[in-house]
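# Fold and geometry: a report
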Amino acid sequence: MALLEMKNIRKSFGDLEVIKDISLRVDEGEVLSIIGPSGSGKSTMLRCAAMLETIDSGEIWYMGERAAWADGHGGLHYPKKAELKKVRSCFGLVFQNFNLFPHFSVIKNITDAPIHNQKRDRDEVYAEAKELLAKMGLSDKADAYPCQLSGGQCQRVAIARALALNPKILYFDEPTSALDPELTGEVLKVIKSLADLHIAMVIVTHEMNFAREISDHVMFMDKGIVEVEGSAESVFNTDNARMQAFLGKLR
Ligand code: ADP
Ligand code: MG
């Protein structure tokens, strides 16, 4: 069963069609990377998956159930209340800019939603949060505040916070692009360790070596369409001209 399936998604902002009939599927334990030039629609695709944007047409399925759909003629179904809560519990989000609560300590940033939104047992949540911090190499930072941490440490807290909600799948939107180059490695290493634990992920990234190493499947998007997709090896060795031009510019 697919954890996430997006079928024939279209999305416009005004007259600009930014997603032009894209489908994707992520199974349990699978890592999908989305790469491509700035403005190609990668974040929009992720935001549609996370129900932060509505689609104009297509279907979004979570765990074998159709969660949202649009027929392209104004017919639109999006989950509400309890249903939306259930859908949201399937995924965790990690953005470029961490979005930690500045006035909460690290441990409170991680435990707040499991305790207050998921109504889970406080001691159990704290114990799990401490384990997560250890996994992130941040055991000594539980009582620190975000302003006392480096960008790489903040991003690792953000990853721990997402994991504390026990999602089925994690979405990363350029998780290292706000970091100084010397801090990128520590965050990529943590994400790699999650892949090794077979946590399903969709990762939008400009880190090509990382994408190549970590991904079961790679999608190269350009101008709202999927130009090339397949195994990391096949995509990075493609003779597709747009992909070649894209890689050439990064070098
Ligand atoms: P990427 O993440 O690949 O850089 P985005 O998905 O952010 O691309 O953006 C794709 C296109 O959609 C861009 O032209 C961008 O300007 C436009 N866009 C994104 N979000 C909005 C929005 N909320 N309103 C209008 N245009 C948007
Ligand atoms: Mg983006």
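Residues numbered from 1 in each chain as written. Chains lettered and ligands numbered in written order. Predicted model: local features only at pLDDT ≥ 70, side-chain atom pairs only at ≥ 80, totals over all residues.

The chain is annotated in an unreviewed UniProt entry as Amino acid ABC transporter ATP-binding protein from Porcincola intestinalis. Taken verbatim from the UniProt record of the chain, the Subcellular location (unreviewed entry) comment is "Cell membrane". (UniProt positions renumbered as here; feature names shortened; annotations may be inferred.)

## Concerning the overall build of the chain
When its secondary structure is counted, the chain shows 9 helices and 11 strands. Over its C-alpha atoms the chain spans a radius of gyration of 18 Å, differing by no more than 12% from the 18 Å that the globule rule assigns to 251 residues. Principal-axis analysis of the C-alpha atoms places the extent of the chain at approximately 50 × 45 × 35 Å. Across the 251 residues in the chain, those meeting the buried criterion constitute 39%. (Helix = DSSP H or I, 4+ residues; strand = E, 2+ residues; numbered from the N terminus. Rg over C-alpha atoms; globule rule 2.2 N^0.38 Å. Buried ≥ 20, exposed ≤ 12 C-beta atoms within 10 Å, placed from the backbone.)

## Considering the sheet that holds strand β2 (residues 16-27)
One open sheet holds the 5 strands; their spatial order is β2-β1-β4-β5-β6, and the pairing between them is antiparallel. Two strands close off the open sheet at either side, each with one partner strand: β2 and β6 (76-77). Together, β1 (2-13), β2 and β4 (57-62) form the strand contacts of helix α1 (residues 42-49), whose direction differs from that of β1 by roughly 120°. (Pairing = 2+ DSSP bridges. Contact = placed C-beta atoms within 7 Å. Axes fitted to C-alpha atoms, helices over the stretch in contact; angles between N-to-C directions.)

## Overview of the nonpolar core
Within soluble globular proteins, side chains that are nonpolar tend to cluster in buried spots. Of all hydrophobic cores here, the largest spans 66 residues; its most connected members are Ala-49, Ala-160, Ile-169, Tyr-171 and Val-202. Looking at this core, the element that brings in the most residues is helix α5 (residues 151-163), giving 7 residues. (Core = buried A, V, L, I, M, F, W, Y, C linked by C-beta atoms within 7 Å.)

## Describing the site of ligand 1
Close to ligand 1 lie Phe-13, Val-18, Gly-36, Ser-38, Gly-39, Ser-40, Gly-41, Lys-42, Ser-43 and Thr-44, which account for all nearby residues. A per-element tally of the shell around ligand 1 places α1 first, with 3 residues. Residues that form the shell around ligand 1 fall into these classes: 2 nonpolar, 7 polar and 1 charged. (Near = placed C-beta within 6 Å. Nonpolar A, V, L, I, M, F, W, Y, C, P; charged D, E, K, R; others polar.)

## Details of helix α4 (residues 122-135)
Taking 1.5 Å of rise per residue, the 14 residues of α4 would be expected to cover 20 Å, and the 20 Å separating its terminal C-alpha atoms lies within 8% of that figure. Restricting attention to buried positions, one finds in α4 the residues Ala-129, Leu-132 and Leu-133. Buried residues of α4 fall within an arc of 100° about the axis and therefore sit on the same side. Residues of α4 that are exposed and point over 90 degrees away from its buried face: Asp-123, Glu-124 and Ala-127. Buried residues along α4 sit against α3 (106-116) and α5. In the stretch just after α4, Gly-137 is the one whose phi turns positive, near 70°. (Expected span 1.5 Å × (residues − 1). Arc of directions from axis to C-beta.)

## So, the sheet that holds strand β3 (residues 31-35)
Pairing in this open sheet of 6 strands is mixed, and the strands run β7-β8-β9-β3-β10-β11 from one edge to the other. Because the sheet does not close on itself, it has two edges, and the strands there are β7 (91-94) and β11 (225-230). Each strand axis lies, on average, 15° off the axis of its neighbour in the sheet, ignoring direction. Pairing analysis gives 4 bridges linking β3 to strand β9 (residues 200-204), with the strands arranged parallel. Residue pairing in the sheet places Ile-34 in a bridge with Val-204 of β9.

## Details of the pairing of β11
Pairing between strand β10 (residues 217-222) and β11: 5 bridges, direction antiparallel. Across the sheet, the residue bridging to Met-219 is Glu-229, located in β11. Between β10 and β11, which pair antiparallel and follow one another directly, the connecting turn spans 2 residues, one of which, Lys-223, has a positive phi of 50°.

## With respect to the packing of α5 against helix α6 (residues 181-196)
Interaxial distance between α5 and α6 falls to 8 Å at its minimum, and their mutual angle equals 15°. Put simply, α5 runs roughly parallel to α6. Once α5 is placed against α6, the crossing between them reads as right-handed. Side by side, α5 and α6 meet where Gly-151, Gly-152, Gln-155, Arg-156 and Ile-159 of the first sit next to Leu-183, Glu-186, Val-187 and Val-190 of the second. Tallied by class, residues from the contact of α5 with α6 come to 4 nonpolar, 3 polar and 2 charged. (Parallel < 35°, antiparallel > 145°, perpendicular 65-115°, else oblique. Left-handed = near helix turned anticlockwise from the far one by under 90°.)

## A word on the confidence of the model for the chain
Of the residues in the chain, 100% reach a pLDDT of 70 or more, and the chain-wide mean stands at 96. For this predicted complex, the interface score ipTM comes out at 0.98, alongside a pTM of 0.96. (pLDDT = per-residue confidence, 0-100.)

## Examining the packing of α3 against α4
Contact geometry of α3 with α4 gives a least axis separation of 9 Å together with a crossing angle of 140°. In terms of their interaxial angle, α3 and α4 are classed as oblique. The interaxial crossing formed by α3 with α4 has right-handed handedness. Between α3 and α4, the residues in contact are Ile-107, Ile-110, Thr-111, Pro-114 and Ile-115 and Arg-122, Val-125, Tyr-126, Ala-129 and Leu-132, respectively.

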